[in-house]
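Working through the structure, step by step
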Amino acid sequence: MLNVNYNEFLKLPEIESRFTSMFDEQMKNFRERCSSGGFDKVHLDLVSMKAAMISTDLFFTELHKAESNEK
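To keep things clear, this report deals only with the structure shown in the data block. In this text, all values refer to a predicted model and were calculated from it rather than measured experimentally.

Criteria and thresholds
- Residues numbered from 1 in each chain as written.
- Predicted model: local features only at pLDDT ≥ 70, side-chain atom pairs only at ≥ 80, totals over all residues.
- Heavy atoms only, no water.
- Axes fitted to C-alpha atoms, helices over the stretch in contact; angles between N-to-C directions.
- Helix = DSSP H or I, 4+ residues; strand = E, 2+ residues; numbered from the N terminus.
- Parallel < 35°, antiparallel > 145°, perpendicular 65-115°, else oblique.
- Left-handed = near helix turned anticlockwise from the far one by under 90°.
- Nonpolar A, V, L, I, M, F, W, Y, C, P; charged D, E, K, R; others polar.
- Buried < 20%, exposed > 50% of the residue type's maximum accessible area, 1.4 Å probe, protein only.
- Contact = heavy atoms within 4.5 Å.

**Section: the packing of helix H2 (residues 13-34) against helix H3 (residues 41-69)**
Running from amino to carboxyl end, H2 crosses H3 at an angle of 140°, the nearest separation of the two axes being 8 Å. Between H2 and H3, the angle is such that the two are oblique. Handedness of the H2/H3 crossing: right-handed. For the contact of H2 with H3, the residue count by class is 16 nonpolar, 4 polar and 4 charged.

Written out as structure tokens, the structure reads:
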């Protein structure tokens, strides 16, 4: 059973690298999907970054919750 808070969980080397990798991939995907939405480059980058952070954080929040509840 994992017994660390979420911030410490994200600092674990294997989790941190997975988080970064997923965030980068999500940001690329959101940027591609939103590129035809009429955003200028600055806003496209901001929207992509925020959407990627939210989706990645939700995934790892659920992963942390699942690993914390394992017995």
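**Here we look at the side chain of glutamine 26**
On the secondary structure map, glutamine 26 appears in helix H2. On the accessibility criterion, glutamine 26 (19% relative accessible area) is buried. Dropping the residues within four chain positions of it, glutamine 26 is found in contact with Ala52, Ser55 and Thr56.

**Overview of the environment of phenylalanine 9**
Mapped onto the elements of the fold, phenylalanine 9 is located in helix H1 (residues 6-11). Looking at phenylalanine 9, the relative accessible area reads 0%, which means it is buried. In sequence terms phenylalanine 9 and phenylalanine 23 are 14 residues apart; their C-alpha atoms lie 16 Å from each other.

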